[in-house]
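Each chain is listed here by its residues.
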Amino acid sequence: MKSNCEICMNYYYDDEYECYSCVMNLDEDEMYRFVSGHSRECPYFRIGDDYTIVRKQN
């Protein structure tokens, strides 16, 4: 399954920057693979629905 940031539990809205971003810190090698397209899936992808995300925020 190809990961999709929009449904990942690690994808949050940052009020300070007014945009969505991933809360996982990718190291230099992981970022290179992700940006260059050599990695199709994020190793930190965790699927989350609306209910699991709301429970996590409480």
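Keep in mind that this is a model prediction, so the values were computed, not measured.

(A) Quick peek at the packing of aromatic side chains. Counted by the stated rule, this structure contains two aromatic pairs. Note on Tyr11 and Tyr20: the rings are 5.4 Å apart at their centroids and 15 degrees apart in plane angle, and the pair reads as stacked. Both rings, one in Tyr13 and one in Tyr20, keep their centres 5.1 Å apart while their planes meet at 70 degrees; by these two values the pair is edge-to-face. Residue classification places Tyr13 among the partly exposed residues on the basis of a relative accessible area of 42%. Three or more aromatic residues joined by ring pairs make a cluster, and in this case those are Tyr11, Tyr13 and Tyr20.

(B) Here's a closer look at a nonpolar patch on the surface. On the surface, Met31, Phe34 and Val35 cluster together into a nonpolar patch covering about 300 Å² of accessible area. With a relative accessible area of 63%, Val35 lands in the exposed category.

(C) Here's a closer look at the side chain of Glu30. Position of Glu30 relative to the elements: it lies in helix α1 (residues 28-36). Buried charge without a salt bridge: Glu30, with Arg33 as the nearest opposite-charge side chain at an N-O distance of 5.0 Å. Polar side-chain contacts of Glu30 include one of 3.1 Å to the side chain of Tyr44. Not counting the four nearest positions on each side in its chain, Glu30 is found in contact with Asn25, Pro43 and Tyr44.

Here is what the cut-offs are and how they apply
Residues numbered from 1 in each chain as written. Predicted model: local features only at pLDDT ≥ 70, side-chain atom pairs only at ≥ 80, totals over all residues. Heavy atoms only, no water. Phe/Tyr/Trp six-rings, centres within 6.5 Å; stacked < 30°, edge-to-face > 60°. Buried < 20%, exposed > 50% of the residue type's maximum accessible area, 1.4 Å probe, protein only. Patch = residues over 30% accessible without salt bridge, like charges linked within 9 Å, V, L, I, M, F, W, Y side chains within 5 Å. Areas by Shrake-Rupley, 256 points an atom, 1.4 Å probe, with all protein chains shown as cover. Salt bridge = Lys/Arg side-chain N within 4 Å of Asp/Glu carboxyl O. Helix = DSSP H or I, 4+ residues; strand = E, 2+ residues; numbered from the N terminus. Lys, Arg positive; Asp, Glu negative; His and termini not counted. Polar contact = N/O pair within 3.5 Å; in protein donor to acceptor, adjacent residues only side chain to side chain. Contact = heavy atoms within 4.5 Å.

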